[in-house]
Amino acid sequence: DQQVKQNSPSLSVQEGRISILNCDYTNSMFDYFLWYKKYPAEGPTFLISISSIKDKNEDGRFTVFLNKSAKHLSLHIVPSQPGDSAVYFCAASEGGSTLGRLYFGRGTQLTVWP
Amino acid sequence: NAGVTQTPKFRVLKTGQSMTLLCAQDMNHEYMYWYRQDPGMGLRLIHYSVGEGTTAKGEVPDGYNVSRLKKQNFLLGLESAAPSQTSVYFCASRQPGQGAYEQYFGPGTRLTVT
């Protein structure tokens, strides 16, 4: 049973507009959340993360929001650029109790068109 | 500083053949991981290691073996390949105790079993 869910397999956004990628989780023991970006034929690269003690973390055009009560997080990209077109994976960790093991969602393909 | 490298990049096997995938990292990380990625399935953990000489099972370990004889290398073996093991394999590493849980990924190995 998947503990991290990304229910939208794809998202298409016009350049310059906001992209919002969503992620839900079921395990209340998760205390750290990450977003990875993956281009075709490459490995995933770390994008941004958030600890469960925060509800927002921002890095340039990327902001991650965490709603613990709803077990939901989202990644906002503003403004979206064609180079942002990639698969985005949400991941979660229980922290030190499981040696930092990451649980991944199935990914969302983001396409940013001009 | 090459980060995480994987050998080979591509491989085609026949059912029943064996092979070893090599992962090497030059970041002196303690923890290393092997994942497989299948279409629409996200990344699933096969095996992991928390230090030289130690290994542990992940979510989908059946049909695979691993070894961590040197800190910088993590080998994934398939003793008798099956078509169900057709996948893209990613290796990752991480240094514990840095207060974050991001893992650094290699470029992947695309394996086809016919």
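Summary of the structure given here. Note that the coordinates shown come from a computational prediction; the quantities given were computed from them, not determined experimentally. (Residues numbered from 1 in each chain as written. Chains lettered and ligands numbered in written order. Predicted model: local features only at pLDDT ≥ 70, side-chain atom pairs only at ≥ 80, totals over all residues. Heavy atoms only, no water.)

**Points about the overall build of chain B**
Step number 1: Looking only at helices and strands, one finds 0 helices and 11 strands in chain B.
Step number 2: In sequence order, the secondary structure elements of chain B are arranged as β-β-β-β-β-β-β-β-β-β-β.
Step number 3: Compactness check: chain B gives a C-alpha radius of gyration of 13 Å against a globular reference of 13 Å for 114 residues, within 12% of the reference.
Step number 4: The principal-axis extent of the C-alpha atoms belonging to chain B is close to 40 × 30 × 25 Å.
Step number 5: A buried classification covers 50% of the 114 residues belonging to chain B.
Step number 6: Pairs at least 24 apart in sequence give 55% of the contacts found in chain B among residues at least 6 apart.
Step number 7: For chain B, the centre of its 11 positive side-chain charges and the centre of its 8 negative side-chain charges are spaced 7 Å apart. (Helix = DSSP H or I, 4+ residues; strand = E, 2+ residues; numbered from the N terminus. Rg over C-alpha atoms; globule rule 2.2 N^0.38 Å. Buried < 20%, exposed > 50% of the residue type's maximum accessible area, 1.4 Å probe, protein only. Contact = heavy atoms within 4.5 Å. Lys, Arg positive; Asp, Glu negative; His and termini not counted. Charge placed at Lys NZ, Arg CZ, Asp CG, Glu CD.)

**Observations concerning the environment of R44(B)**
All names here are of chain B.
Step number 1: Take R44: it is sitting in strand 5 (residues 42-51).
Step number 2: As a C-alpha pair, R44 and L75 span 31 residues in sequence and 17 Å in three-dimensional space.
Step number 3: Not counting residues within four places of it along the chain, the set of residues in contact with R44 comprises W34, Y35, R36, D38, E59 and V60.

**Considering the state of the cysteines**
Residues and elements named next belong to chain A.
Step number 1: A complete count under the given rule lists 2 disulfides over all chains for this structure.
Step number 2: The disulfide that involves C23 links it to C90, with 2.1 Å between the sulfurs. The sign of the S-S torsion, about -75°, decides the handedness of the disulfide formed by C23 and C90: left-handed. Taken together, the residues C23 in strand 3 (residues 19-25) and C90 in strand 9 (residues 86-93) connect sequence positions 67 residues apart. (Disulfide = S-S within 2.5 Å.)

**A look at the nonpolar core**
What tends to happen in soluble globular proteins is that the nonpolar side chains get buried as a cluster.
Step number 1: Grouped together as the largest cluster of nonpolar side chains are 24 residues, with contacts concentrated most on F33(A), W35(A), L73(A), L75(A) and Y88(A).
Step number 2: Mapped by element, the contributors of at least two residues to this core are strand 3, strand 4 (32-38), strand 5 (45-51), strand 7 (62-67), strand 8 (72-77), strand 9 and strand 11 (108-113) of chain A.
Step number 3: M19(B), C23(B), W34(B) and L78(B) belong to the second-largest nonpolar core, a separate cluster that totals 19 residues. (Core = buried A, V, L, I, M, F, W, Y, C linked by side-chain atoms within 4.5 Å.)

**A word on the sheet that holds strand 8 (residues 73-78) of chain B**
All names here are of chain B.
Step number 1: Sheet architecture is open: 4 strands sit in the order 1-3-8-7, paired in antiparallel fashion. Edge strands, defined here as strands with exactly one partner in the open sheet, are strand 1 (4-7) and strand 7 (65-67). Neighbour to neighbour, the strand axes of the sheet diverge by 20° on average, direction disregarded.
Step number 2: Where strand 1 and strand 3 (residues 19-25) come together, 4 bridges link them in antiparallel fashion. (Pairing = 2+ DSSP bridges. Axes fitted to C-alpha atoms, helices over the stretch in contact; angles between N-to-C directions.)

**Comments concerning the pattern of salt bridges**
All names here are of chain A.
Step number 1: Per the counting criterion, the structure on display carries 5 salt bridges over all chains.
Step number 2: The partner of D84 in a salt bridge is K37, with the nearest N and O atoms 4.0 Å apart. Of this pair, D84 sits in the loop between strand 8 and strand 9 while K37 sits in strand 4, and the two are 47 residues apart along the sequence. Pair check on accessibility: D84 and K37 agree, each one buried. (Salt bridge = Lys/Arg side-chain N within 4 Å of Asp/Glu carboxyl O.)

**Considerations on the side chain of R101(A)**
Step number 1: Positionally, R101(A) belongs in the loop between strand 9 and strand 10 (102-104).
Step number 2: Although buried, R101(A) forms no salt bridge, and the nearest oppositely charged side chain, E59(B), lies 4.2 Å from it.
Step number 3: Not counting residues within four places of it along the chain, the set of residues in contact with R101(A) comprises A92(A), S93(A), E94(A), L45(B), G58(B) and E59(B).

**Describing the sheet that holds strand 6 (residues 56-59) of chain A**
Residue and element names in this part refer to chain A.
Step number 1: Read across the sheet, 5 strands follow the order 1-3-8-7-6 without closing on themselves; strand pairing throughout is antiparallel. Edge positions in the sheet fall to strand 1 (4-5) and strand 6, since each has one partner strand and no second.
Step number 2: Two strands pair when backbone bridges link them, and strand 7 and strand 8 are joined in this way by 6 bridges, in the antiparallel orientation. Across the sheet, the residue bridging to V64 is L75, located in strand 8.

Interpretation note: all reported values are geometric properties and have no functional meaning in isolation.
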